[in-house]
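# Observations on the model geometry
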Amino acid sequence: MDSLNATVITVSDRVSRGEAEDRSGPAAVRILNGLGFATELDVVSDGVEPVASALRQRIEDGVDLVVTTGGTGFGPRDLTPEATAPVIDRMAPGLVEAMRSATFGENPHGMLSRAIAGIAGSTLVINLPGSVTGVEESLAVIGPALSHAVELLKDRPTDHAASKSEHPE
Amino acid sequence: MDSLNATVITVSDRVSRGEAEDRSGPAAVRILNGLGFATELDVVSDGVEPVASALRQRIEDGVDLVVTTGGTGFGPRDLTPEATAPVIDRMAPGLVEAMRSATFGENPHGMLSRAIAGIAGSTLVINLPGSVTGVEESLAVIGPALSHAVELLKDRPTDHAASKSEHPE
Amino acid sequence: MDSLNATVITVSDRVSRGEAEDRSGPAAVRILNGLGFATELDVVSDGVEPVASALRQRIEDGVDLVVTTGGTGFGPRDLTPEATAPVIDRMAPGLVEAMRSATFGENPHGMLSRAIAGIAGSTLVINLPGSVTGVEESLAVIGPALSHAVELLKDRPTDHAASKSEHPE
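Scope of this entry: the structure provided in the associated data block. This structure is a prediction, so every number in the text was calculated from the model and none was measured.

A separate point is the overall build of chain A. Within chain A, the secondary structure is distributed over seven helices and six strands. In chain A, the order of α-helices and β-strands from amino to carboxyl end is β-α-α-β-α-β-α-β-α-β-β-α-α. Radius of gyration (C-alpha) of chain A: 15 Å, near the 15 Å computed for a compact globule of 169 residues. For the C-alpha atoms alone, the extent of chain A along its principal axes is close to 50 × 35 × 30 Å. Expressed as a percentage of the 169 residues in chain A, the buried residues total 59%. Within chain A, contacts between residues at least 6 apart in sequence are counted, and of these 75% link residues at least 24 apart. Across chain A, the centroid of the 13 positively charged side chains sits 3 Å from that of the 24 negatively charged ones.

What follows deals with the environment of Leu128(B). Residue and element names in this part refer to chain B. As for its position among the elements, leucine 128 is in strand E6 (residues 123-128). Sequence spacing of leucine 128 and valine 141 is 13 residues, and the spatial spacing of their C-alpha atoms is 12 Å. Excluding anything up to four places from it in sequence, leucine 128 contacts Val67, Thr68, Thr69, Gly70, Thr72, Met99, Val135, Ser138, Leu139 and Ile142.

Its volume calculated, the largest pocket comes out at about 1000 Å³. In terms of residue class, the lining of the largest pocket is built from 26 nonpolar, no polar and 18 charged.

Attention shifts here to the packing of helix H5 (residues 93-101) of chain A against helix H6 (residues 132-153) of chain A. For any two helices packed against each other, one specifies the inter-axial angle together with the distance between the axes. All names here are of chain A. Between H5 and H6, the shortest axis-to-axis distance is 9 Å and the interhelical angle comes to 130 degrees. What the angle tells us is that H5 and H6 run oblique. In the crossing of H5 with H6, the sense of the turn from one axis to the other is right-handed. Contacts between H5 and H6 pair Leu95, Ala98 and Met99 from the former with Ser138, Val141 and Ile142 from the latter. By residue class, the composition of the contact of H5 with H6 is five nonpolar, one polar and no charged.

In this section: the pattern of salt bridges. Taken as a whole and assessed by the stated rule, the structure comprises 21 salt bridges over all chains. When the shortest N-O distance is used, the salt bridge between Glu97(B) and Arg100(A) registers 2.9 Å. Of the two residues, Glu97(B) sits in helix H5 (residues 93-101) while Arg100(A) sits in helix H5, which places them in two different chains. Residue classification places Arg100(A) among the buried residues on the basis of a relative accessible area of 3%. Between Arg77(B) and Asp13(B) there is a salt bridge, with the nearest N and O atoms lying 2.9 Å from each other. You can see Arg77(B) sitting in the loop between strand E3 (65-69) and helix H4 (80-84) and its partner Asp13(B) sitting in helix H1 (residues 13-16), a full 64 residues away along the chain. Since its relative accessible area comes to 28%, Arg77(B) is described here as partly exposed. Several salt bridges share partner residues, and in doing so they unite Glu40(A), Asp42(A) and Arg58(A) into one network.

This part is about the relation of the copies chain B and chain C. Between chain B and chain C, which share one sequence, the superposing operator has a rotation angle of 120 degrees and an axial displacement of 0.0 Å; the RMSD is 0.0 Å. Here the symmetry operator amounts to a three-fold rotation axis.

Contacts between the two partners involve 25 residues from chain B and, on the opposite side, 26 residues from chain C. Surface buried jointly by chain B and chain C totals about 2200 Å² across both partners, of which 66% is contributed by carbon and sulfur atoms. Run the count over chain B and chain C and you get one salt bridge. Here chain B is connected to chain C by five residue pairs in polar contact (both at pLDDT 80 or more).

About the thresholds
- Residues numbered from 1 in each chain as written.
- Chains lettered and ligands numbered in written order.
- Predicted model: local features only at pLDDT ≥ 70, side-chain atom pairs only at ≥ 80, totals over all residues.
- Heavy atoms only, no water.
- Helix = DSSP H or I, 4+ residues; strand = E, 2+ residues; numbered from the N terminus.
- Rg over C-alpha atoms; globule rule 2.2 N^0.38 Å.
- Buried < 20%, exposed > 50% of the residue type's maximum accessible area, 1.4 Å probe, protein only.
- Contact = heavy atoms within 4.5 Å.
- Lys, Arg positive; Asp, Glu negative; His and termini not counted.
- Charge placed at Lys NZ, Arg CZ, Asp CG, Glu CD.
- 1 Å grid on protein atoms, 1.4 Å probe; cavity = no way out; pocket = protein on both sides within 12 Å on 5 of 7 lines; lining within 4 Å.
- Points joined across faces, edges and corners; volume = space filled by probe spheres on them.
- Nonpolar A, V, L, I, M, F, W, Y, C, P; charged D, E, K, R; others polar.
- Axes fitted to C-alpha atoms, helices over the stretch in contact; angles between N-to-C directions.
- Parallel < 35°, antiparallel > 145°, perpendicular 65-115°, else oblique.
- Left-handed = near helix turned anticlockwise from the far one by under 90°.
- Salt bridge = Lys/Arg side-chain N within 4 Å of Asp/Glu carboxyl O.
- Least-squares fit on C-alpha atoms with pLDDT ≥ 70 in both.
- Buried area = accessible area lost by both parts, 1.4 Å probe.
- Polar contact = N/O pair within 3.5 Å; in protein donor to acceptor, adjacent residues only side chain to side chain.

The following block contains the structure:
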């Protein structure tokens, strides 16, 4: 198995201006490292253009997994899903449904996450919430599926049928 | 805190023609009043154009919350989600996922709701089912998140970072 | 009640080339027959064009229910949702949310299903996973809603209000 790599993109006006410390980004890096991903950290401001540019760059680089943190809520500057949707080739709704449904009945604000996830080329892109708790809870839910998901993306077409019969989704 | 306002739009051919009494609309008004929203009631016929027009009018009026009831099922005239999608700027899938998931394992017809939710300008738009029971059950699920959601939409950009650090989604 | 009919479309390069036995397709046929649908079986290769063509043919034929099996995962050739989305008039997200949510906390790979469902004309189209277990588990979840869903699609406009008041979604 090749080693897997990931990038965390912290989306925050205040962090990108140096007015606040980034806590959710490093939390995501720590967890993804623990899941076996060699993980880097980027910081961009809120808004469609900064986030979309950062995503496109990492997808072109062929990064296996790109995780954003922040910008998925209801505030006027929360535009991370709108920046993510246009770069996605194939939507993967189950990942964000699983993240959100873990909060139902527990935290009434979990249903306000507008996060999306999907595949762009051979990169898996996932929006996470902007709080440390949200990052931790979300990655606890989807973490067990991430390395398998990324390995499937790398399947060569000739390997695909065999892989599929072993891991049918 | 400014007072919050809402509009319920009953979507029903029969009610709009005076052939049936509107029960789900008044039920929604009653519940939203109880949640602190000063709530008005509109009635329109089924179909994309009547519903989309009513939504656009209320969004232009700057209403905080617009809730539809009816037209989210599988009948040929159930077109409320198709009328809603084009007026939405930012989708909010967690609200309808939460509404539907509360019915899974309980009521096999809950999974037939095609309701969507999202943000249009500074207005939150949510489709609810067309029955009194469906309205009551759905608002019991999402009610605890509604006033916070609407307050977030009103954030001025300069307030946003502070609000976000308090209520991270 | 008219008798209901269905088509299962097995989506698999290997099965369509005769290199593997189709097991998930016959499993779906067996279950749908048991649910009261007179069910036929098609086999096509992976990819947008073969799947979209097969779907369009069955929709034109006026088949009540078309179920695909396979091609909903993360492999490079898993394109069944991308073939399905363009033929759908009205999305029915609750069916696939219910299918996936039944796996949350049980099987971490369930959240990798990218299945979609929706209505095309008077045909209900649903993507299922490509394994026998995935087909069985998914149809166990949505089976109780299928015949009612298909009956609603057949509603004549003049019957609709009455039907709606009996079965409000």
